[in-house]
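# Report on the structure
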Amino acid sequence: MKKFCGKIIVKMKPDVKDIKGEALKQAVKSVVELHDLQCAVGNWYQISFCAKNQVEALKFIDKIAQDILSNEVIETYEIKSLEEIDE
Amino acid sequence: MSKLKVGIIVFLGTNCEYDTKRACDFLGWNSEFVWQNDKIQKKYDLIILPGGFSYGDYISSGRIAKLSPAVKSLPIGKTMILGICNGFQTLCESKLLPGALIDNKNIDFISKVTEINFQNELISLPLAHHQGNYTCKNIDKSQILMTYQNNENGSDFAIAGIYDKKNKIIGMMPHPERAMYEELGLTDGRKVFKFIQNEI
């Protein structure tokens, strides 16, 4: 078995209003004037676990991201990285 | 009203189970708690997922509760299921009801009594939620059970509650169990429970 570490970002889908992103945008505007400012707020997750190989690890991390970390009705997820790490 | 048998699921972080049980007692229904880790094996007339903050709303409201043995063993289509507030969120997360509940439009926690359009009548029910903004692409409008008169949280079509008649599942954000008693000045919750009983 090998040890893997996956990093996942979950964001609101483009057609779902990102209310926290809007709030962040207002907050940033109050601090600094920036041209064409856009903000998005999401969640970042880091999950480490053991798996036989990279293929199996990717299957697991994908399932976790789909079933628990995100809701496909309103969110998308992206596996930013999946690396083998030292035990 | 006759004695219904009611199961009230309790999750870590649920905080409305006693108000819900008390409402059932008031209506003369037999209710008992069902722990999140127990599969539902008894036959109930109604199963309620009450309000609260199951699992601390970690990741998202109802996201972890949907994985519990109690939710996974819900007898869909056989028993009336009612999700109130966090219960509604859990049912949506479980895909047992369409759509999702996201942050209220002003990112505030709404805690107030508000007017709800329900069964061609305007009733008053309390709200207490942060993620009560209902969103659903392609909602079947025949499933809309109740709407906000003032839509404080920004829900699509001002939806406050939905009812999947085929699978006997109701989800609603307002708290009917908190509107049962003359002493509190709110009794319209009784109308919601009476409607549910008539549907069983």
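Figured I'd write up the structure that's included with this text. (Residues numbered from 1 in each chain as written. Chains lettered and ligands numbered in written order. Predicted model: local features only at pLDDT ≥ 70, side-chain atom pairs only at ≥ 80, totals over all residues. Heavy atoms only, no water.)

This part is about the overall build of chain B. Summing up its helical and strand segments, chain B has 4 helices and 11 strands in all. Relative to the compact-globule value of 16 Å for 200 residues, chain B shows a C-alpha radius of gyration of 15 Å, a close match. If you line up chain B on its principal axes, its C-alpha atoms span 40 × 40 × 30 Å. By residue count, 58% of the 200 residues in chain B fall in the buried class. The long-range share in chain B, meaning contacts at least 24 apart out of those at least 6 apart in sequence, stands at 68%. As presented, chain B carries roughly 8,400 Å² of accessible surface, and 47% of it is formed by carbon and sulfur atoms. (Helix = DSSP H or I, 4+ residues; strand = E, 2+ residues; numbered from the N terminus. Rg over C-alpha atoms; globule rule 2.2 N^0.38 Å. Buried < 20%, exposed > 50% of the residue type's maximum accessible area, 1.4 Å probe, protein only. Contact = heavy atoms within 4.5 Å. Areas by Shrake-Rupley, 256 points an atom, 1.4 Å probe, with all protein chains shown as cover.)

It is worth spelling out the interface of chain A and chain B at this point. Opposite the 18 residues of chain A that make contact, chain B presents 16 residues. Interface area for chain A against chain B, summed over the two sides, is near 1,300 Å², with a carbon-plus-sulfur share of 62%. Its largest share of buried area at the contact with chain B, chain A owes to Ile19, Ile68 and Asn71 of chain A, together 38% of the area lost on that side. Inspection of the region where chain A meets chain B yields 2 salt bridges. Residue Glu75 of chain A is joined to Arg63 of chain B by a salt bridge in which the shortest nitrogen-to-oxygen separation is 3.0 Å. Put simply, chain A and chain B have 7 residue pairs in polar contact (both at pLDDT 80 or more) between them. Considered class by class, the residues forming the side of chain A that touches chain B number 9 nonpolar, 3 polar and 6 charged. (Buried area = accessible area lost by both parts, 1.4 Å probe. Salt bridge = Lys/Arg side-chain N within 4 Å of Asp/Glu carboxyl O. Polar contact = N/O pair within 3.5 Å; in protein donor to acceptor, adjacent residues only side chain to side chain. Nonpolar A, V, L, I, M, F, W, Y, C, P; charged D, E, K, R; others polar.)

Residue and element names in this part refer to chain B. Taken in spatial order, the 9 strands of this open sheet run 2-1-3-4-11-10-9-6-7, and their pairing is mixed. Looking at which strands have only one partner, the edges of the open sheet turn out to be strand 2 (30–35) and strand 7 (121–129). The sheet shows a mean angle of 20° between the axes of neighbouring strands, taken without regard to direction. Where strand 10 (residues 159–164) and strand 11 (residues 169–172) come together, 4 bridges link them in antiparallel fashion. By the bridge assignment for strand 11, Gly161 is matched with Met172. Helix 1 (residues 17–27) rests against strand 1 (5–10), strand 2 and strand 3 (46–49) of the sheet, and its axis sits at about 155° to strand 2. Packing against the sheet, helix 3 (residues 86–93) makes contact with strand 3, strand 4 (80–84), strand 10 and strand 11, and its axis sits at approximately 115° to strand 4. (Pairing = 2+ DSSP bridges. Axes fitted to C-alpha atoms, helices over the stretch in contact; angles between N-to-C directions.)

For the structure shown, the criterion picks out 12 salt bridges over all chains. A salt bridge links Lys63 of chain A to Asp67 of chain A, with the nearest nitrogen and oxygen atoms 2.6 Å apart. Pair noted here: Lys63 of chain A and Asp67 of chain A are both in helix 2 (residues 54–69), with a separation of 4 residues, about one helical turn. Since its relative accessible area comes to 52%, Lys63 of chain A is described here as exposed. Residue Lys191 of chain B pairs with Asp188 of chain B through a salt bridge whose shortest N-O separation is 3.5 Å. The buried category is assigned to Asp188 of chain B, whose relative accessible area is 15%. Linked by salt bridges that have partners in common, Glu75 of chain A together with Arg63 and Glu93 of chain B make up one network.

As a further point, take unusual backbone geometry. Residues and elements named next belong to chain B. For Gln119, which is not glycine, the phi dihedral falls at a positive 55°. Residue placement: Gln119 occurs in the loop between strand 6 (110–118) and strand 7. The backbone of Ala158 sits at a positive phi, close to 55°, despite the residue not being glycine.

Now for the sheet that holds strand 1 (residues 2–12) of chain A. All names here are of chain A. Spatially, 3 strands are ordered 2-1-3 in an open sheet, and the strand pairing comes out antiparallel. Each end of this open sheet is capped by a strand with a single partner; those strands are strand 2 (43–51) and strand 3 (75–85). Recorded for the sheet is a direction-independent mean angle of 20° between the axes of neighbouring strands. Sitting on the sheet, helix 2 is in contact with strand 1, strand 2 and strand 3, with an inclination near 150° to strand 3.

This part is about helix 2 of chain A. Residue and element names in this part refer to chain A. Those residues of helix 2 not exposed but buried are Glu56, Ala57, Ile61, Ala65 and Leu69. Elements in contact with the buried residues of helix 2: strand 1, strand 2 and strand 3. Its side-chain oxygen 3.2 Å from the backbone nitrogen of Val55, Asn53 forms the N-cap of helix 2.

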